Amino acid sequence: MRPLIIVLLVVVGVFVTFKPSFGTTESPGIRGGWRTWAGLVAVAAISFYDGIFGPGTGMFLIMAFTFIFSQNFLKSAAMAKVVNTATNLGALVTFILGGHVWWTLGIALAAANILGAQVGARTVLSGGTKLIRYALLTLVVVMSSYLSWQQWG
């Protein structure tokens, strides 16, 4: 699965690089109809991927929401955080039911995650869609390099 994800990451990076207006503007009021169904299918597919493999889930959600709902990266990032939180809570419930939770470490990680989310949200709100675009492109380069190194290094 890793080679496919590497290709998808590179495709996303190339697309965002050569389409600078993508994710910077918004078409207000584009909801309902086929877009709702496409959004649900995208969330289901990406959430399944998150449960199986995981890397790049947030970026894939941001790209899907931006494309499907014709909205900017900022709104898409906020929607992606909600979906990502839901998938993480689902994983947590599964691991709790299976008795596979290291509570001390989990609580420390949860506290760090909350702190990081606060800092990240403030940073994104002050930097706007331009910052998200650069962060997304940086993530593409770092993740595709790391996954390539894991696969072939």
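Residues numbered from 1 in each chain as written. Predicted model: local features only at pLDDT ≥ 70, side-chain atom pairs only at ≥ 80, totals over all residues. Heavy atoms only, no water.

### Topic: the packing of helix 3 (residues 57-69) against helix 5 (residues 103-152)
Here comes step 1: It is the contact of helix 3 with helix 5, at a shortest axis distance of 11 Å, that shows an interaxial angle of 135°. Put simply, helix 3 runs oblique to helix 5. Where helix 3 crosses over helix 5, the two elements pack in a sense that is left-handed. Taken together, the residues of helix 5 that come into contact with helix 3 (itself represented by Met59, Ile62 and Met63) are Leu136, Leu139 and Val140.
Here comes step 2: Of the residues belonging to the contact of helix 3 with helix 5, the class tally is 6 nonpolar, no polar and no charged. (Axes fitted to C-alpha atoms, helices over the stretch in contact; angles between N-to-C directions. Helix = DSSP H or I, 4+ residues; strand = E, 2+ residues; numbered from the N terminus. Parallel < 35°, antiparallel > 145°, perpendicular 65-115°, else oblique. Left-handed = near helix turned anticlockwise from the far one by under 90°. Contact = heavy atoms within 4.5 Å. Nonpolar A, V, L, I, M, F, W, Y, C, P; charged D, E, K, R; others polar.)

### Concerning the environment of Gly13
Here comes step 1: With respect to the helices, strands and loops of the structure, Gly13 is situated in helix 1 (residues 2-18).
Here comes step 2: Exposure remark for Gly13: the relative accessible area of 8% places this residue in the buried category.
Here comes step 3: In this structure, the C-alpha to C-alpha distance between Gly13 and Ser144, residues 131 residues apart in sequence, is 9.8 Å.
Here comes step 4: With sequence-adjacent residues up to four places away left out, Gly13 is seen in contact with Leu137 and Val140. (Buried < 20%, exposed > 50% of the residue type's maximum accessible area, 1.4 Å probe, protein only.)

By themselves these figures say nothing about function.
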